[in-house]
Amino acid sequence: MKRLYYLTDTIDSTESISNDLHRLGITDWNLHVLSKDDDGLFRHHIHGANTLQRLDVIHSGEQGALIGIAIGLCAGTAMMLGKPFGLELGLIGIAAIVIIFTLFGTWVGGMVGLTQESYKIKRFHSDLEAGRYLIMVDFRKKQEPRVRELMDEHHKEALFVGQDTTWINPFKVASEKIGH
């Protein structure tokens, strides 16, 4: 799925955009608003971003899993070739070592991600700190013209600030802030 990012300055504008996108067929599953004003989002019945969208849990967990796989393969290979304590280590043993290191790496990465802002929204940090509302609209490719038309024609107050995919890429680092 594709994601468009818009910034607005007021809760009223955000609520109007949310209502219009719902009428267009965009559900709460595909509309997320990030703001310091979580209470205001709740009072206005606006779907806020969840923890997985706010924090870097999945991205860091994926990175931890990749590191765990690499370390597990190295450790398994070293144990197979070195035969510590005279043990013969077969493929099942190596697979078990890789799985254990992968799970541990995923867990550690996820814990690290709980302490960091999502790499996808890091570029909007100063806008969010300034009290602005980040609207993230997810949609299938065929819906894009209708979403863009709605935003361009009826919500000129919303500043288009970027597009991305909903896929979380473990190899990607935080995007630099784009000019707006």
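Placed above this text is the structure.
Quick notes on the rules
- Residues numbered from 1 in each chain as written.
- Predicted model: local features only at pLDDT ≥ 70, side-chain atom pairs only at ≥ 80, totals over all residues.
- Heavy atoms only, no water.
- Helix = DSSP H or I, 4+ residues; strand = E, 2+ residues; numbered from the N terminus.
- Buried < 20%, exposed > 50% of the residue type's maximum accessible area, 1.4 Å probe, protein only.
- Contact = heavy atoms within 4.5 Å.
- Areas by Shrake-Rupley, 256 points an atom, 1.4 Å probe, with all protein chains shown as cover.
- Lys, Arg positive; Asp, Glu negative; His and termini not counted.
- Charge placed at Lys NZ, Arg CZ, Asp CG, Glu CD.
- Salt bridge = Lys/Arg side-chain N within 4 Å of Asp/Glu carboxyl O.
- Expected span 1.5 Å × (residues − 1).
- Phe/Tyr/Trp six-rings, centres within 6.5 Å; stacked < 30°, edge-to-face > 60°.
- Lys NZ or Arg CZ within 6 Å of the ring centre and 35° of its normal.
- Axes fitted to C-alpha atoms, helices over the stretch in contact; angles between N-to-C directions.
- Parallel < 35°, antiparallel > 145°, perpendicular 65-115°, else oblique.
- Left-handed = near helix turned anticlockwise from the far one by under 90°.
- Nonpolar A, V, L, I, M, F, W, Y, C, P; charged D, E, K, R; others polar.

1. Digging into the overall build of the protein chain
Working step 1: Counting its regular elements, the protein chain contains seven helices and four strands.
Working step 2: Ordered by position from N to C terminus, the α and β elements of the protein chain give β-α-β-α-α-α-α-α-β-α-β.
Working step 3: C-alpha extents for the protein chain along the principal axes are approximately 75 × 35 × 30 Å.
Working step 4: The buried share of the protein chain, reckoned over its 180 residues, is 40%.
Working step 5: Counting only contacts in the protein chain whose residues sit at least 6 apart along the sequence, the fraction spanning at least 24 positions is 82%.
Working step 6: When the accessible surface of the protein chain is totalled, it reaches about 10,300 Å², and 64% of it is carbon and sulfur.
Working step 7: Measuring between centres, the 19 positive side-chain charges of the protein chain sit 6 Å from its 22 negative side-chain charges.

2. So, the pattern of salt bridges
Working step 1: Following the criterion strictly, the structure yields nine salt bridges and no others.
Working step 2: Put simply, Arg23 and Asp20 hold a salt bridge, and the shortest N to O gap is 2.3 Å. Remark: Asp20 and Arg23 occur in helix H1 (residues 11–23); sequence separation between them is three residues, near one turn of the helix.
Working step 3: Exposure remark for Arg23: the relative accessible area of 65% places this residue in the exposed category.

3. A word on H1
Because the α-helix completes a turn every 3.6 residues, residues three or four places apart line up on one side.
Working step 1: Spanning 13 residues, H1 covers 18 Å between terminal C-alpha atoms, matching the ideal 18 Å at 1.5 Å per step.
Working step 2: Looking at H1, one finds that the buried residues are Ile11, Ser13, Thr14, Ile17, Ser18, Asp20 and Leu21.

4. Some details on the packing of aromatic side chains
Working step 1: Across all of its chains, the model carries three aromatic pairs by this definition.
Working step 2: Each ring, one from Tyr5 and one from Phe124, has its centre 5.2 Å from the other, and the planes form 40°; the classification is tilted. Remark: Phe124 occurs in the loop between helix H5 (91–113) and helix H6 (125–129) and Tyr5 occurs in strand E1 (residues 2–8); sequence separation between them is 119 residues.
Working step 3: By relative accessible area, which is 0% here, Tyr5 ends up buried.
Working step 4: Using a relative accessible area of 0% as the deciding quantity, one classes Phe124 as buried.
Working step 5: One Lys or Arg, Arg123, reaches over the ring of Tyr5 and ends 5.1 Å from the middle of that ring.
Working step 6: If you follow Arg148 out to its NZ or CZ, it ends over the ring of Phe160, 5.0 Å from the centre.

5. Notes on the packing of helix H4 (residues 57–82) against H5
Working step 1: In the contact formed by H4 and H5, the axes pass within 6 Å of each other and the chain directions differ by 150°. Between H4 and H5, the crossing angle belongs to the class labelled roughly antiparallel. The way H4 lies across H5 gives a crossing that is right-handed.
Working step 2: Residue classes in the contact of H4 with H5 are distributed as 12 nonpolar, 12 polar and no charged.

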